[in-house]
Amino acid sequence: MSAQDNVRIAPADGKLGVLIPGMGAVTTTFIAGVEAVKRGLAKPIGSVTQLSTIRLGKRTDGRSPLIKDFVPLASLEDLTIGTWDIFEENAYQAAQHAGVLEKSLLDQLREPLEAICPQPAVFDHEFVKRIHGPNLKPEGSKMDHAEMLMDDIRKFRESSGAARLVMIWCGSTEVFHKPAEVHATIRNFECGLQKNDPEISPSQIYAYAALKSGVPYANGAPHLTTDTPALIELARERNVPICGKDFKTGQTFMKTLIAPGLKSRMLGVSGWFSTNILGNRDGEVLDDPGSFKSKEESKLSALEQILQPDLYPDLYKNIYHKVRINYYPPRGDAKEGWDNIDIFGWLGYPMQIKIDFLCRDSILAAPLVLDLVLFMDLAQRAGMRGVQEWLSFYFKAPMTAPGLYPEHDIFIQLMKLKNTLRWMRGEALITHLGLEYYD
Ligand SMILES: NC(=O)c1ccc[n+]([C@@H]2O[C@H](COP(=O)([O-])OP(=O)(O)OC[C@H]3O[C@@H](n4cnc5c(N)ncnc54)[C@H](O)[C@@H]3O)[C@@H](O)[C@H]2O)c1
């Protein structure tokens, strides 16, 4: 700890184990990407931890180190990966199946990818309806399954020699559920695990196993997991960081870029219609109405929170907001997202904006996985427990303290993230007031 640090940050010594339920498109693109970067075959484009700098002190000080030189982060060489999936394919086969990366690149990474084979999954058809796979844990109660996962975690820690672990959910989106009585306290939850309560989802069993094992948990999907009183209580009790939910990529990323800009100029919005076509396995799962409902809730919330119709009724009270996701196999992972935005300006005169984003879902998500893993490990080494709101930057539906509305504006989120890093290291927070330059 240097004299000025606000928190003691343990050094990032030893290997960092990354535990990932779900080894589909996002996970394999993340793993292959890390291996490609390590070999100098590509650059970690899109990763704030790898590429972004952070300004320290005054604008005239000329101090802008890379974030990874400013705070102690695990290096890519120190990452070691463990996964679970309902399919038995190794990471090389699963990456080919996902169809995101070119075969010529995957072939250069074949050896490390083939070495990653998923553990049998805890899976429940009531929560993910459209897929079936053979690689499942033996039958048992939900508590038995939690114990099997804790056993997997213990064994992975031993076999990989990892000094620390982080878990990040990159599995399919589960069916929409609201928190129930079983999620009210950790006591109820543990009772529910024993009695196989139907409201407890597989992702909650993974999260419980992680938190009980002292492992931070991040949720990349939109369903209900650690955003329940029971698991928040467990995270705080075990001094473990949690964050979520739903990676902010593609269309919602665009929304959180455009909407704050329109609002900053006090331009009105009367309608925002968003539609997507995508053909990967994620798209297939989201074709089920229950899983789509989880995604829809997460996607709809961002705009409402950014535009604040209660504060600006003349501009945003009557906005019609619609989000559609259409499963269209020919596109694979190369999603296309259209937005039609009906806006109005001075004296109410209407205008329109059209966005056609030909994106690649997993290419946008993979660097987020890397950043979240590294920052969650940092948070744990800095003794930060419970909800990590400073990582909202990465999520469509950021978790916050109870009663606090989430901040969705990506520029405020980035400022919050960087100020948190400055705060950790005892540097002055940057307010952008800047009066001192004019004294
Ligand atoms: N790609 C993006 O831009 C993006 C953005 C936001 C959120 N997400 C979310 O990230 C998740 C992963 O996306 P993807 O494109 O890789 O999907 P994918 O369908 O390619 O991969 C998900 C994998 O999870 C596995 N799985 C499902 N339930 C499981 C369980 N209980 N245990 C272990 N494995 C399980 C599936 O078999 C599949 O291989 C999805 O929930 C998706 O909605 C993705």
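An account of the accompanying structure is given in this report. Given the structure is predicted, the values throughout are model-derived calculations rather than measurements. (Residues numbered from 1 in each chain as written. Predicted model: local features only at pLDDT ≥ 70, side-chain atom pairs only at ≥ 80, totals over all residues.)

So, helix H10 (residues 229-237)
In step 1: Where H10 is concerned, the buried positions are Ala230, Leu231, Ile232, Leu234 and Ala235.
In step 2: For H10, the secondary structure elements touched by its buried residues are helix H8 (186-194), helix H9 (202-212), strand S6 (241-244) and strand S11 (386-387).
In step 3: Directly after H10, the chain includes asparagine 239, whose backbone phi takes a positive value near 60 degrees. (Buried ≥ 20, exposed ≤ 12 C-beta atoms within 10 Å, placed from the backbone. Helix = DSSP H or I, 4+ residues; strand = E, 2+ residues; numbered from the N terminus. Contact = placed C-beta atoms within 7 Å.)

Concerning the site of the ligand
In step 1: In the vicinity of the ligand, 37 residues are found, and the nearest of them are Gly22, Gly24, Val26, Ala221 and Arg281.
In step 2: Put simply, the parts of the chain that give the shell around the ligand at least two residues each are helix H1 (25-38), strand S2 (79-85), helix H12 (281-286) and helix H15 (361-381).
In step 3: For the shell around the ligand, the element with the most residues is H15, which contributes four residues.
In step 4: Here the residues of the shell around the ligand are counted per class, giving 20 nonpolar, 12 polar and five charged.
In step 5: Two domains each donate at least three residues to the shell around the ligand, and these are domain 1 (15-247 + 363-424) and domain 2 (251-358). (Near = placed C-beta within 6 Å. Nonpolar A, V, L, I, M, F, W, Y, C, P; charged D, E, K, R; others polar. Domains from an automatic or database assignment.)

Notes on the environment of tyrosine 217
In step 1: Inspection of the secondary structure puts tyrosine 217 in strand S5 (residues 217-219).
In step 2: Take tyrosine 217: there are 28 C-beta atoms within 10 Å of it, and that puts it in the buried class.
In step 3: Those residues in contact with tyrosine 217 that sit more than four places away from it in its chain are Met167, Ala207, Ala210, Leu211, Thr226 and Ile242.

Considering the nonpolar core
In step 1: Counting 96 residues, the largest nonpolar core has Ile168, Val369 and Leu372 as the members making the most contacts within it.
In step 2: Among the elements that make up this core, the one with the highest residue count is H15 (12 residues).
In step 3: Excluding anything up to four places from it in sequence, isoleucine 168 contacts Val18, Ile20, Ala218, Gly220, Val369, Leu372 and Val373.
In step 4: Residues Trp272, Leu303, Leu307 and Ile341 belong to the second largest nonpolar core, which totals 11 residues. (Core = buried A, V, L, I, M, F, W, Y, C linked by C-beta atoms within 7 Å.)

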